[in-house]
Amino acid sequence: MKTYGEINERIRRKKAVVYTAEEVIDLVRSKGPEKAAEKVDVVTTGTFGAMCSSGAFLNFGHSDPPIRMTDIRLNGVEAYGGLAAVDAYIGSTAMRENSGEFGYGGGHVIEELIAGNRVRLRAWGPGTDCYVRKDIDTYITLDDLNEAYMFNPRNVYQNYSAATNTLDRTLYTYMGKLLPRMKNITYSTSGQLSPLLNDPHLETIGGGTRIFLGGGEGYVAWQGTQYDTAAPERNGVPVNGSRTLALMGDMKQMDHDYVRGMDVHRYGTSIAIGVGIPIPILNADIMKRAAVSDEDLYTTLVDYSVTEKGRAALGEYSYAELRSGTVDYEGHKIRTSPLSSYRKARQVAEKLKDWIENGEFLLTEPIFRLPETGTVKPLEVRR
Amino acid sequence: MIQKRYKLRFSDDNLQESVAYILVSKFNIQPNILRAEVRDDGGVMVLEMKGTQENIDASVVYLSDAGISIRAFDKQIIKNQDACVDCGACISVCPTRCFTPDPETWEIVLNYEKCIACGTCLNACPFHALSLPL
Ligand code: SF4
Ligand code: SF4
Ligand code: SF4
């Protein structure tokens with residue numbers, strides 16, 4: 001048994017023993033969870049994939065004369081201006097109109113700001129006695145902004161169903177390009193490295209947990225939207241979409257290596273973000289769960305040609321099978337594509353490990369626990 | 001029956017339609033013009049020919065004798081390394097399995113040699129990393 005205080009003391013003295021969630025698998029296999037828990041202080045996780053429910057609050061500062069912006073475009077992408085005069089929220093899936101062959105959206109604007117690029121700001125307002133200006137057209141950079149922080153209502157989905165398509169035509173979905181007649185399967189996870197798969201019941205991750213977000217420091221702000229604890233489990237881990245987190249972090253610390261705009265063909269734009277969460281190894285139980293491997297993690301395969309309600313599970317596959325490149329379905333071999341980058345997930349977990357080993361990143365005990373139960377309600381269409 | 005792709009460069013803009021006609025009538029080839037860029041002084045096109053090896057070979061000779069520059073159009077895929085994040089979305093859509101993850105690093109390695117320039121992967125990449133320039 002260790003405490004947060006003891007672990008942080010070791011981090012401060014640069015003595016903490018840190019493993020990534022991938023490296024720790026073999027250690028726990030050979031030593032067992034008790035021995036490993038004595039040795040290891042922190043396990044770092046990582047993921048890098050699409051996180052649509054993401055965006056950023058920006059404060060532009062006041063021009064002279066000032067404007068109360070109600071209609072705002074950043075590189076042609078709409079940002080929400082229903083806040084104070086020069087505050088805005090830009091969401092990852094907001095898309096530039098007529099962006100042509102290559103979709104350009106809020107995720108790209110966020111990426112460009114983080115990369116240090118100039119972004120064109122155009123805004124309009126009603127013109128009032130205290131904000132006389134009615135329009136503005138200028139360029140901004142991240143440095144110019146007073147504040148710029150991401151606030152992502154739903155990130156790091158704890159597991160997600162794999163997708164295939166039984167129709168005769170190709171489907172372009174948010175789970176990627178699905179070839180006709182089950183020619184391929186897509187899945188999106190970093191599996192054994194994934195934050196919420198390594199602490200499946202959120203024993204150590206809670207409100208206020210300090211994390212790696214997009215290359216900088218961030219925090220768990222709240223439970224994510226569509227937070228769900230009712231999913232069936234296998235080996236103590238949900239087999240489809242379940243818990244989620246709302247995350248926030250300072251964009252000025254972020255690195256464009258870990259934040260990329262996405263254009264998902266015929267779905268729309270999104271953003272890929274690198275997220276890493278440290279797991280303090282307080283006891284052998286936590287150790288055991290953090291050592292889960294792709295062989296023990298399963299997901300449900302669903303047919304994206306039917307609407308969500310009617311989607312029957314076509315099967316359950318382990319991430320080890322999916323990651324092998326082909327899976328067997330009723331005697332047929334089906335090729336698979338991951339949609340989230342395992343190389344980058346690893347890079348995130350390694351970077352977070354570096355920070356902790358160098359005494360630059362201390363762990364936080366959650367200020368509040370996230371709900372133990374949660375269900376997702378559908379939207380009824382009423383007349 | 002086999003299927004092959006060629007890139008044709010021609011200087012006479014009328015030739016574009018007659019190429020297809022000649023291939024059908026003279027060589028029993030099923031032509032399919034996949035892309036074409038035509039200017040006043042000629043242009044470029046990507047042509048897919050379906051037929052026997054013999055007939056395809058004969059048409060290639062015929063076309064080049066007619067003064068059209070003709071080259072096999074394959075191995076054309078280009079990947080922008082800076083844009084690629086190694087997600088792997090491209091892996092399962094490529095018919096000739098050009099993309100394979102390195103089992104150690106999980107970099108998605110592209111085998112240019114196997115590319116038949118079909119274009120299937122282009123819109124599967126959410127990061128605009130893949131292109132097939134003419
Ligand atoms: S499409 Fe993927 S990234 Fe977007 S909200 Fe759904 S699960 Fe999240
Ligand atoms: S889909 Fe695009 S970004 Fe992803 S691995 Fe392939 S080329 Fe790279
Ligand atoms: S163009 Fe076709 S053959 Fe070439 S890499 Fe893309 S999918 Fe594969």
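Residues numbered from 1 in each chain as written. Chains lettered and ligands numbered in written order. Predicted model: local features only at pLDDT ≥ 70, side-chain atom pairs only at ≥ 80, totals over all residues. Heavy atoms only, no water.

1. Things to note about the sheet that holds strand β3 (residues 42–51) of chain B
Residue and element names in this part refer to chain B. Heads up, the condition is: Strand pairing requires that DSSP identify at least two bridges connecting the strands. Per the convention used, a helix needs a DSSP run of H or I reaching at least four residues, while a strand needs a run of E reaching at least two, with both numbered from the N terminus. Between N-to-C directions, angles span 0 to 180 degrees; the directions come from axes that are lines fitted to C-alpha atoms, helices contributing only their stretch in contact.
The four strands are arranged β2-β3-β1-β4 in an open sheet whose pairing can be described as antiparallel. Every other strand in the sheet has two partners, leaving β2 (30–39) and β4 (69–72) as the edge strands with one partner each. Adjacent strand axes in the sheet meet at a mean angle of 20° when their direction is disregarded. Judged from the four bridges that link them, strand β1 (residues 2–10) and β4 form a sheet pairing that is antiparallel.

2. Structural notes on helix α2 (residues 53–65) of chain B
Residue and element names in this part refer to chain B. Threshold: In a helix, the anticipated span is given by 1.5 Å times the number of residues less one. Think of it in three bands: residues with accessible area under 20% of the maximum for their type are buried, residues over 50% are exposed, and the middle band is partly exposed, with areas taken using a 1.4 Å probe on protein chains only. The directions considered for the arc are those from the helix axis to the C-beta atoms.
The end-to-end C-alpha distance of α2 is 18 Å, a good match for the 18 Å that 13 residues give at a rise of 1.5 Å each. All buried positions along α2 are accounted for by Ile56, Ser59, Val60 and Leu63. Buried residues of α2, viewed axially, fall in a sector of 105°; they line one side. In α2, the exposed positions that point more than 90 degrees away from the buried face belong to Glu54 and Asp65. Taken from the residues just after α2, Gly67 is the one with a positive phi, measuring 90°.

3. Description of the domain arrangement of chain A
All names here are of chain A. Worth spelling out the cut-off: Those domain boundaries reflect an automatic or database domain assignment. Accessible area, probed at 1.4 Å, shrinks when two parts are joined; the buried area is that loss added up over both.
Domain annotation for chain A reports domain 1 (4–51 + 152–357) and domain 2 (61–145). Just the C-alpha atoms count here: the centres of domain 1 and domain 2 sit 32 Å apart. Between domain 1 and domain 2, a total of about 1,300 Å² is buried, with carbon and sulfur atoms accounting for 63% of that surface. When the buried surface of domain 1 facing domain 2 is broken down by residue, Met251, Lys252 and Thr269 rank first, second and third, together holding 42% of it.

4. Describing the site of ligand 1
Put simply, the rule reads: If a single non-hydrogen atom of a residue is within 4 Å of a molecule or strand, that residue counts as near it. When residue character is reported, Ala, Val, Leu, Ile, Met, Phe, Trp, Tyr, Cys and Pro are called nonpolar, Asp, Glu, Lys and Arg charged, and the others, Gly included, polar.
In the neighbourhood of ligand 1, the contacting residues comprise Ala50(A), Met51(A), Cys52(A), Arg154(A), Tyr160(A) and Tyr174(A). Considering only residue class, the shell around ligand 1 consists of five nonpolar, no polar and one charged.

5. Section: the pattern of salt bridges
All names here are of chain A. What counts here: Salt bridges are identified by distance alone: a Lys or Arg side-chain nitrogen within 4 Å of an Asp or Glu carboxyl oxygen.
A complete count under the given rule lists 20 salt bridges over all chains for this structure. Here Glu295 ties to Arg29 by a salt bridge, and the two come within 3.3 Å at their closest N and O atoms. Here Arg29 lies in helix α2 (residues 23–39) and Glu295 lies in the loop between α5 (284–290) and β23 (298–303), a separation of 266 residues in the sequence. Residue Glu295 is classed as partly exposed on the basis of its relative accessible area of 43%.

6. Here we look at the site of ligand 2
Taken together, Lys79(B), Cys84(B), Val85(B), Asp86(B), Cys87(B), Gly88(B), Ala89(B), Cys90(B), Ile108(B), Cys125(B), Phe127(B) and Leu130(B) are the residues near ligand 2. Counted by class, the shell around ligand 2 contains nine nonpolar, one polar and two charged residues.

7. Examining the interface of chain B and chain A
Our working definition: Whether two residues are in contact is decided by their heavy atoms, any of which lying within 4.5 Å being enough. Polar contact criterion, stated in full: a pair of N or O atoms within 3.5 Å, where within protein one must be able to donate a hydrogen and the other to accept it, and residues adjacent in sequence count only if both atoms are side-chain atoms.
In this complex, chain B contributes 25 residues to the contact, which on the side of chain A involves 27 residues. Of the roughly 2,100 Å² buried between chain B and chain A, counting both surfaces, carbon and sulfur atoms make up 53%. The tally of links between chain B and chain A comes to one salt bridge. Between Arg343(A) and Asp86(B) there is a salt bridge, with the nearest N and O atoms lying 2.4 Å from each other. On inspection of chain B and its partner chain A, the count reaches 18 residue pairs in polar contact (both at pLDDT 80 or more). Partitioned by chemical class, the residues of the side of chain B that touches chain A number 14 nonpolar, six polar and five charged.

8. What about the pairing of β1(B)?
Both faces of the sheet carry side chains from a regular strand, because those side chains alternate between them. Relative to β3(B), β1(B) is paired through nine bridges, and the arrangement is antiparallel. Across the sheet, residue Arg5(B) finds its bridge partner in β3(B), namely Glu48(B).

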